[in-house]
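# Residue-level structural notes
Here's the letter readout for the chains.
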Number of protein chains: 2
Amino acid sequence: MAGYNVPSLERLIEQFERLPGIGHKSAERLAYYMLSLPETETQKFADTVVEAKKKIHFCKVCCNFTDKDICPVCADKERDRSIIIVVKEPKDVIAIERTKEFNVTYHVLHGLISPMNGISPANLHIKELLARLNNDEVKEVIMATGPTVEGDATGMYLNKLIRPLGIKVTRLGLGLPVGADLQYADEVTIARSIKNRCSYDGG
Amino acid sequence: MAGYNVPSLERLIEQFERLPGIGHKSAERLAYYMLSLPETETQKFADTVVEAKKKIHFCKVCCNFTDKDICPVCADKERDRSIIIVVKEPKDVIAIERTKEFNVTYHVLHGLISPMNGISPANLHIKELLARLNNDEVKEVIMATGPTVEGDATGMYLNKLIRPLGIKVTRLGLGLPVGADLQYADEVTIARSIKNRCSYDGG
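The structure contained in this document is the topic of the report that follows. In this text, all values refer to a predicted model and were calculated from it rather than measured experimentally.

The next subject is the sheet that holds strand S6 (residues 168-171) of chain B. Residue and element names in this part refer to chain B. Ordered in space as S4-S3-S5-S6, the four strands form an open sheet in which the pairing is parallel. Two strands lie at the open edges of the sheet, namely strand S4 (104-108) and S6, each paired on one side alone. Averaged over neighbouring strand pairs, the angle between their axes works out to 25 degrees when direction is ignored. Strands in contact with helix H5 (residues 90-97) are strand S3 (80-87) and S4; relative to S4, the strand with the most contacts, it is inclined by about 160 degrees. Packed on one face of the sheet, helix H7 (residues 149-162) meets S3, strand S5 (140-143) and S6 and runs near 165 degrees to S5.

Of the residues lining the interface, 54 residues belong to chain B; the matching set on chain A comes to 54 residues. In this assembly, chain B packs against chain A so that about 5300 Å² is buried in total across both faces, 68% of it on carbon and sulfur atoms. Across the chain B-chain A interface, the total number found is four salt bridges. Taking the shortest distance from any N to any O, the salt bridge between Glu41 of chain A and Arg18 of chain B comes out at 2.7 Å. Linking chain B to chain A there are 14 residue pairs in polar contact (both at pLDDT 80 or more). Going through the elements one at a time, helix H1 (7-17), helix H2 (24-36), helix H3 (39-55), strand S2 (65-66), helix H4 (72-75) and H5 of chain B are the ones with two or more residues in the side of chain B that touches chain A.

What follows is about the relation of the copies chain B and chain A. Superposition of chain B onto chain A requires a rotation of 180 degrees combined with a translation of 0.0 Å along the rotation axis, giving an RMSD of 0.1 Å. Expressed as an axis order, the relation between the two copies is that of a two-fold axis. Identified as the residue of chain B closest to the rotation axis by C-alpha distance is Ala46 of chain B, at 2.2 Å. When the interface residues of chain B are mapped onto chain A, 100% of them again fall at the interface, so both copies present the same face.

Moving on, we get to the pattern of salt bridges. A complete count under the given rule lists 16 salt bridges over all chains for this structure. Across the pair Lys68 of chain B and Asp67 of chain B runs a salt bridge, and its minimum N-O distance is 3.6 Å. Salt bridges linked by common partners bring Arg11 of chain A together with Glu51 and Lys55 of chain B together as one network.

Its 13 residues give H2 of chain B an end-to-end C-alpha distance of 18 Å, which sits within 8% of 18 Å, the value for a rise of 1.5 Å per residue. Within H2 of chain B, the full set of buried residues consists of Ser26, Ala27, Glu28, Leu30, Ala31, Tyr32, Met34 and Leu35 of chain B. For H2 of chain B, the secondary structure elements touched by its buried residues are helix H3 (39-55), strand S2 (65-66) and helix H5 (90-97) of chain A together with H1 and H3 of chain B.

Most of strand S3 (residues 80-87) of chain A sits out of view: six of its eight residues are buried. Between S3 of chain A and its parallel partner strand S4 (residues 104-108) of chain A, the chain crosses via H5 of chain A, and the hand of that crossover is right-handed.

Turning next to the sheet that holds strand S6 (residues 168-171) of chain A. All names here are of chain A. Spatially, S4-S3-S5-S6 is the arrangement adopted by the four strands of the open sheet, whose pairing is parallel. Strand pairing shows two members of the sheet lacking a second neighbour, S4 and S6, which therefore form its edges. Each strand of the sheet is rotated relative to its neighbour by a mean of 25 degrees, with strand direction disregarded. Strands in contact with H5 are S3 and S4; relative to S4, the strand with the most contacts, it is inclined by about 160 degrees.

Turning to its location among the elements, Asn117 of chain B is positioned in the loop between S4 and helix H6 (126-132). Side chain to side chain, Asn117 of chain B and Ser114 of chain B meet in a polar contact 2.9 Å long.

Calculation notes
- Residues numbered from 1 in each chain as written.
- Chains lettered and ligands numbered in written order.
- Predicted model: local features only at pLDDT ≥ 70, side-chain atom pairs only at ≥ 80, totals over all residues.
- Heavy atoms only, no water.
- Pairing = 2+ DSSP bridges.
- Helix = DSSP H or I, 4+ residues; strand = E, 2+ residues; numbered from the N terminus.
- Axes fitted to C-alpha atoms, helices over the stretch in contact; angles between N-to-C directions.
- Contact = heavy atoms within 4.5 Å.
- Buried area = accessible area lost by both parts, 1.4 Å probe.
- Salt bridge = Lys/Arg side-chain N within 4 Å of Asp/Glu carboxyl O.
- Polar contact = N/O pair within 3.5 Å; in protein donor to acceptor, adjacent residues only side chain to side chain.
- Least-squares fit on C-alpha atoms with pLDDT ≥ 70 in both.
- Expected span 1.5 Å × (residues − 1).
- Buried < 20%, exposed > 50% of the residue type's maximum accessible area, 1.4 Å probe, protein only.
- Right-handed = clockwise from strand over helix to strand, strands pointing away.

Next comes the structure, spelled out in structure tokens:
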């Protein structure tokens, strides 16, 4: 007996092992947990997975996840459609919405350009973004793709595409996070925060 | 918009969040991954979960997982039925089988006594173990429940129950792991290894 000798258990562990960030030990733990649940609960788990996959798709406008044709943000008539914030993934939209300060629209790329991982612009929802710029409504596109190598590369790539259309392209400001202790900030962030210094009236 | 505003997505994240060792961020990541798979793949994942739960149950003899009435180890006529090794969970059986040195039988408790976590002897598969001792076949029960507080407590509890039946009860030896560096071993292990010292002929 090399392993469990129970094909359906081995298949279950295998399925969990395919999930991102789940190694063999964790997959075993999850499989055991599943077996410890009552049958109604495992059925519910399975049904939820199938139902979510069936119902959820991309918003036709911003490519965020939705179970409708157009997501609530894009359908909201009160939103300022002159500004689009471009983000990597749906979670980023939630993070920005949480600030409750910006009544704008979004565009979700579902990834960042990353040649190392074989992700090229064609793999992202870029053509849907460009389609939204084909009218005079949009005045500014804010790149919120993050200050990482891939986030910067994606932002710069989009900047090159969008700027010629006469639309302003900006990126999120860099500096110290609010509440940060100078001692623990890295040199690059400190340098950026000095270059990006501003007066106390926010100017 | 406080969250995703997509009920089926929120339910999916919730289901993953219920799994052990999966926090909210990981649950989101897993849910996204599921949505990124083709529908046939998510269906397969769901089917595997349901099928495993339906097919897998406890071996009638040793309580290990099996899809048959009696697991391959218990069904194996070549096994020495005079020795039962008692373990916490199915993984432990695999670990011992991997040594390929012991042609014995096992008993899986599916947990350890842990009053802190509300796990009492009644929650473990102890009565199935006692039922196996109701004949003259079994000569020795080896506690491989692990040298932890809970493992020791469970072993001692079973020792008290089984010894009066005239059956030898032993526990795994304590000492330095093979290949261990003395510098990195803890004091308790070093002390046990000195007390448990043996001659070079293994005596």
